[in-house]
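Spelled out, the chains give:
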Amino acid sequence: MSSADLTSERDLTPERETSAKGDIAPERDGPRDTGMDDASLHRWLARTWRTPPGIIGALSSVDHKVIARRYLITAFLFLCLGGLNAVVMRVQLSGPRRGLVGPDLYNQLFTMHGVTMMFLFAVPIVQATGIYLVPLMVGTRNIAFPRLNAFSYWIYVSGGLFAWVSFALAMAPDVGWFAYVPLSGPEYGPGKRADVWAQMITYTEVSSLAVAVATIVTVFKQRAPGMSLDKIPLYVWALLVTSFVVVFAMPAVMITSTFLILDRLVGTHIFNPAEGGDALLFQHLFWFFGHPEVYIIFLPATGMVSAIIPAFARRPAFGHLGLVLSLIAVGFLSFGLWVHHMFAIGLPKLGASFFTASSMLIAIPNGVQIFCWLATLWDGRPVIRTPVLFVFGFFFTFVIGGLTGVMLASVPLDLQVHDTYFVVAHFHYVLIGGSVFPLLAAAYFWFPKITGRMMSERLGRWHFWLAMIGFNAAFFPMHIVGLWGMPRRVYTYPAELGWGNINLFISAGAVLFFLSFVLFAFNLVHGALRGAPAGDNPWDAGTLEWATSSPPPSYNFARIPVVTNVEPLWAERGALPVATGLRVDVRELLVSTVAEAYPDIREKSATPSIWPLFAAIAVGATFLYSIFTPWAIVWGAAPIAVTLVGWFWPKGDPEDEE
Amino acid sequence: MKHRASIAFATAIALLLQGCAGWQSALDPKGPAASELAWLIWFFTGLCAVVWVLVMIALAMPLLMRSRLHADPLVLDAGADNRKLRVVMIAVGLTAVILVGLTLLSFFANRTLAAIGSDAALTIRVTGHQWWWEVRYEDATPSRILTTANEIHIPAGEPVRLLLTSTDVIHSFWVPSLSGKLDLIPGRMNVLDIKADKPGIYRGQCAEFCGAQHANMGTFIIAEPRAKFDAWWNDQLQPAAAPTSDEAKAGGELFLKRPCVMCHKIGGTPAGGTVAPDLTHVASRQTLAAGTLMMSRGNLATWIADPQGVKPGSHMPVVDLSGDELNAIVAYLEGLK
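Just so it is clear, the structure is predicted and the values come from calculations on it, not from any experiment. (Residues numbered from 1 in each chain as written. Chains lettered and ligands numbered in written order. Predicted model: local features only at pLDDT ≥ 70, side-chain atom pairs only at ≥ 80, totals over all residues.)

1. Some points on the overall build of chain A
When helices and strands are tallied, chain A shows 21 helices and 4 strands. Relative to the 2.2 N^0.38 estimate, which gives 26 Å for 658 residues, the radius of gyration of chain A is 25 Å and therefore close to what a compact globule would have. The dimensions of chain A, computed from C-alpha atoms along their principal axes, are 80 × 65 × 50 Å. Buried residues in chain A amount to 60% of all 658 residues. Looking at chain A alone, contacts between residues at least 24 apart form 81% of all its contacts between residues at least 6 apart. (Helix = DSSP H or I, 4+ residues; strand = E, 2+ residues; numbered from the N terminus. Rg over C-alpha atoms; globule rule 2.2 N^0.38 Å. Buried ≥ 20, exposed ≤ 12 C-beta atoms within 10 Å, placed from the backbone. Contact = placed C-beta atoms within 7 Å.)

2. A closer look at the interface of chain B and chain A
Each side of the interface is counted separately: chain B has 70 residues, and chain A has 72 residues. Listed by contribution, the elements that provide at least two residues to the side of chain B that touches chain A are helix H2 (32–64), helix H3 (78–115) and strand S7 (182–184) of chain B. Broken down by element, the residue count for the side of chain B that touches chain A peaks at 17 residues, all from H3 of chain B. Each residue belonging to the side of chain B that touches chain A can be placed in one class, and the counts come to 44 nonpolar, 19 polar and 7 charged. (Nonpolar A, V, L, I, M, F, W, Y, C, P; charged D, E, K, R; others polar.)

3. Regarding the domain arrangement of chain B
Residues and elements named next belong to chain B. Segmentation of chain B into domains returns domain 1 (122–234) and domain 2 (246–334). If you average the C-alpha positions of domain 1 and of domain 2, the two centres end up 22 Å apart. Counting from both sides, the interface comprises 17 residues of domain 1 and, opposite them, 15 residues of domain 2. (Domains from an automatic or database assignment.)

4. Examining unusual backbone geometry
Residue and element names in this part refer to chain A. Here the amide bond leading from Val-181 into Pro-182 is cis, since omega sits at 0 degrees, within 30 degrees of zero. If you trace the backbone, Pro-182 turns up in the loop between helix H6 (146–168) and helix H7 (193–221). Cis geometry is adopted by the peptide bond preceding Pro-551, which originates at Ser-550 and carries an omega value of -10 degrees. The topology assignment puts Pro-551 in the loop between helix H17 (500–530) and strand S1 (560–561). For Arg-314, which is not glycine, the phi dihedral falls at a positive 55 degrees. A positive phi angle is found at Arg-489, which is not glycine, with a value near 65 degrees. Mapping Arg-489 onto the fold places it in the loop between helix H16 (457–483) and H17.

5. Let's talk about the pairing of strand S3 (residues 588–592) of chain A
Residue and element names in this part refer to chain A. Counting buried residues along S3, 4 of its 5 residues qualify, which places the element largely inside the surrounding structure. By the bridge criterion, 5 bridges tie S3 to strand S4 (residues 599–604) in an arrangement that is antiparallel. Residue pairing across strands places Glu-588 opposite Lys-604, the latter belonging to S4. Counting the residues between successive antiparallel strands, the hairpin from S3 to S4 contains 6 residues, one of them, Ala-597, with a positive phi of roughly 55 degrees. (Pairing = 2+ DSSP bridges.)

This is the structure:
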């Protein structure tokens, strides 16, 4: 698109806006931002978009930034809890036949560690980052379906509380985060532990499905004028692809957990081989979700890397199109490799080889991403700030994880290392290296936007080196001890096997790694209270979230920006062109076309409401009750229906009724 | 200084090799399948290490550059970007070639592994239980079928076919120095062929999480020369040795009167339970409780007196016995060679 086109579009936009809505009777129309002076515009928008005061107001908030902040803090707390689980396990394993915890507690510990890290930390935190950033990056005022978004947070919190309260009551699941039947089935999983797993999974997946839907609609329909598909920031692409993966993967695990609780509670025999069921069906269903899950966690992290590298390499990402196509390819391919988690079940040889090939194949788009990022960095010496350090840490560790992933893709090789500490090492390199390090980079990078203050660079460097050394000391030796024959999920091991010293070393590394997060937490609090003021765009980055103030106002942008480049702030150094014509006395958004982001219609955005919280409480109570009796679904339907009626009750807005 | 460094290096290598020489290590193969796999592991590791080093060099390059970054991030050097594109294309092409190579390599390795046991003469059925292994030697003659537990004797140098299944939850059979692992799944039968090149004792353990005592579900493969193996089989087919001392006789009677008899079998006595390990020749085994304790009089007493202390959560109940009764039962079991 030439610059001449853009200029004309810039001029045209406001007129198109107003004329598009010419059918609304003028007397019903409120004040618009067209031609309004800045001071009164801010006053109008602040009053229209604010979160109401008071505790009820806070609980009713539908502001995507408020919800995202809550999500981020909650997920970080769960990270700390999951990390504490790990520390206890590492103390227990620091020597042979240690007696700190017995098998009953240990099995709950590693199950809670896995469940917490996967379902209560990793997925929510990448989605929460998206909830915060995507509306800002696409230049809109709020996420699509803001009440659904608020609902998702309450559901997530209640799912997390459910799991951790049951842990406090010593009735946490003890069957591993993938809870294979028959171990988790009615016969071998007595008590309520496996039921807690099943319903807690269903809970958190409802929440992440809701966020995925909101994200997809925001990206497709609420982009700022001019942000055609080729100008969508890579981070937003990553979240879009992730959201589609969520939409297709999560139902598989919800079916798995629902089948499981049906077997346990209703007496179906879906997974019971003695009655014509199949124990392996569980594994297929679970991993059909479980492998995409890895990419649900990893793809947003690649988006973060794609956002941070250009800011510090001082150029747009090299191979933008290649990066987007890789994201989409990874999204598709991630559904074709689930069987490599099941190579040890005794597969037909040819079928297994097919999954070797497909698992190898996914390394190609991932390789393309790595090479494009490296090429982006080759323009010159980047300024090394903490986000860059963590991006370098990401390369250092994630590439190891990716390469051991290639090893695991080989069927024969996998049979030696499957379910050993080699695999534990592999997936921590992939998940921590590939996702947590980019998340930490993102934390340092976007913290100024969220709080308006910088985090300490000096503490950041300490944090980085402590995390890198601790992480590698803890997880690299696990490759070796796995090859020496140590299976995962053992609460103890005999001294004769000679695993004692190396495990002591691993435990020391794990404690260091945990301490790095304590330092990080301190840096977060210190930065929020005492950090240097950041200004709107401390890194001189190019995407739209840096165009608004730090922290952004409740309405995000006073006037909706018009996008002329994939890095709009670099292209428009003076002032960003804007589109006007939105009403300021009601919450109004600009809805644009999917491909060209041509301004299409003005649309109301939902106002704050307490009903999503009530609905989440009703859903939560139903789920909780349903671990005891299937009748919970029947009795729970009534309060859920009541809360949904309250949620969707029409407000008598004349425009809505037309 | 240099000397000291070389000593340190030699020590490190020695430690590493010592680690490799563990009796449950995939890097210390003692059979053809494990050898093939160890070779595959080293090949993949070497290749991956090279790739990793190359990526790290590419990552370090910008840090070593002198040139400053552009003042205007949107002014790009088209020539430089074209060169980069070529490098990226070559790198992607190489990645694809390596991946295809590795895929073919694992395919052929799989074929090699499948061929190892094609002429196995001996078939052993291994059934997983929470948390022990039932081992049944199949034979065309019913009277020669032998059931034992946890320790699998095999003739060295011969391929042996293991039929793997489970009666409760999923377990996984894994003896790293002989072969990769394979799951024991209720309602299914998996086939694993193993071969030990030389006589020796090879440790393995359950590799699929199977509940409270997953950690203490060990097994041993004891490879012996053919003659010794045949002799062992014949010995094991004999009914239990009759107790000799008075104490052991009393122990034998107690065994039948106490709950022990409900679960355990002792050939040649009325004890015929099948839900727990066969004890006909229990004292001929090297370990107790699936590799948890070494076989000894003291450990037998410990295990019977406090099974939940040794293996918390195990299905072996605490049986209320006086000191004398415990001693008698231990004396009896100790004689079951």
